[in-house]
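Observations on the three-dimensional arrangement
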Amino acid sequence: MKYIKIIIPLMLFAFTAFSQNTITGFSWSMGFGSGKTADFVSSPSFTGFSAEGHRFMNQNVSIGLSTGWNILNEQNNESITVENTTITGEQGRYINIIPVLFSASYYIRSSRKASFVPFIRANVGTYYIMQRFDIGVYTLNNDHLHFGVAPELGFMFRASDKVNILTNGKYNYAFDAGERLSGDETNDYAFFSVNLGVMLNY
Amino acid sequence: MYKKTLLFTALLGMGMILSSCFVDYGLDSENYDLVATSYNSSYNFGAVTKFAVVDTIVHYGEDPVSHDYDTQIITKVADELTGLGWVRVYDSTANVVVNMGTTSTTTVVYGSSYGWDYGWYYDRGAYYYSWYYPYYPTGYSYSYEYETGSLVIRMVDLRLAANEQVPVQWVAVLNALMGSPNVSSRINAGIDQAFTQSPYLK
């Protein structure tokens, strides 16, 4: 909870400070688990959002800050086998991910009024990840703050002087932190996010 | 136009935040059933041709599980073992002996701290909605308890007994919330599942 209370003022401060030569955006974020994350929740997620702000250093380069919330959930009754033991029961599997990422972006364009602007972006920061596993009457929780990185590719389509349509794809990797819910392996997470939203120019 | 875009974006954002509330599948009492099995991988189940079943189920715990289903359980387990191609015998020629027991456990859950379950708070004076954190004021807390019952099915090979101990070669545990409905059909389904997820017995 404290984490949320820190993020929101930080974002507001950042967006205010970026009041000149700045773009801010809000996106619908879809998530797709990868690797061990997909082993836990294989279903794609269409629940999530992302908020971001970027300040241009010049025509092609910006620095920024983003946050959001990605939710990966799944209900199933698959059997779980670990060595010689198998457990079967109805399960609720939940991963809630809140990233706070600083970014550097490069925009491929020849003028600020270009109508189609591809960009690449490097994100680095933290991921607060809450994992929960319900089976039968039992619940296991695992919450940790992870260091993470997220390379990103995207496009902005200029809709008007002030408004751009944004679409981007990001590979999110949260490094090992704490103990894994299952007690084995490293506690790292990976997922792809695809975002669709609006960017506003100031 | 710009204000409309901002309004649209804000509404879009609120909708996404709303849709991003924590999901809880809320497994109901009939979904609490668990079946766990484990076996000794060095034991040759393929060599088993005869089995015996102890015809009494031992009931443990302060609030023992009802005896009403003992006959059903013994008959069902014997049928499953016969289905493996094994022959039930009533003497010492049995390769393996199967015995069963039940236990009950009461769990009490106490809570008095902040939760993550965001919700909506309706303010009757101002007629607006806002975020709130559910919390429990000093002196107020919640508690609830639940009771689970377990059926344990154990398979031993008495020829391997030593020092008044005999190793368990296969075990199945059926765990369920006490007082749940449809007990008879769920016992049968649980025993079916225990043998389905133990293909190495054949």
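Relevant structure appears above.
Described below are features of the structure shown in this document. (Residues numbered from 1 in each chain as written. Chains lettered and ligands numbered in written order. Predicted model: local features only at pLDDT ≥ 70, side-chain atom pairs only at ≥ 80, totals over all residues. Heavy atoms only, no water.)

What about a nonpolar patch on the surface?
Residue and element names in this part refer to chain A. Put simply, the rule reads: The patches described consist of residues with a relative accessible area above 30% and no salt bridge, like charges being joined within 9 Å and nonpolar side chains (Val, Leu, Ile, Met, Phe, Trp, Tyr) within 5 Å. Here the Shrake-Rupley method, with its probe set to 1.4 Å, supplies the accessible areas, and only the displayed protein chains count as covering residues. Put simply, a salt bridge is a Lys or Arg side-chain nitrogen that is within 4 Å of an Asp or Glu carboxyl oxygen. Working definition: helices are DSSP H or I runs of at least four residues, strands are E runs of at least two. Numbering for both runs from the N terminus. For every residue, the accessible area (1.4 Å probe, protein chains only) is compared with the maximum for its type, and the residue is labelled buried under 20%, exposed over 50%, or partly exposed between those bounds.
A surface patch of nonpolar side chains, about 620 Å² in accessible area, is lined by W28, F46, F116, F155, F157, I165 and L196. Within the element layout of this structure, L196 appears in strand 10 (residues 189–201). For L196, a relative accessible area of 41% gives the class partly exposed.

Observations concerning the pairing of strand 5 (residues 85–89) of chain A
Definition in use: For two strands to count as paired, DSSP must find a minimum of two bridges between them.
The pairing of strand 4 (residues 79–82) of chain A with strand 5 of chain A spans four bridges and is antiparallel. Paired with S79 of chain A across the bridge in strand 5 of chain A is T88 of chain A. With five bridges connecting them, strand 5 of chain A and strand 1 (residues 34–39) of chain B associate as antiparallel partners. When the sheet's bridge partners are listed, T85 of chain A is paired in strand 1 of chain B with S38 of chain B.

Overview of the pairing of strand 1 (residues 22–34) of chain A
The two faces of the sheet receive side chains in turn, since in a regular strand these alternate between them. Residues and elements named next belong to chain A. Two strands pair when backbone bridges link them, and strand 1 and strand 2 (residues 48–56) are joined in this way by seven bridges, in the antiparallel orientation. Pairing of T24 across the sheet is with G53, part of strand 2. As judged from the twelve bridges shared by strand 1 and strand 10, these two strands associate in the antiparallel manner. Its bridge partner being in strand 10, G33 is matched across the sheet by F191.

Side note on helix 2 (residues 70–83) of chain B
All names here are of chain B. For clarity, the threshold we go by: For a helix, the expected span equals 1.5 Å multiplied by the residue count minus one.
Counted at 1.5 Å a residue, the expected span for helix 2 with its 14 residues is 20 Å, and the 20 Å between its end C-alpha atoms agrees. Buried residues of helix 2: D70, I73, I74, K76, V77, A78, E80 and L81, and no others. After helix 2 finishes, the residue G85 shows a positive phi value of roughly 95°.

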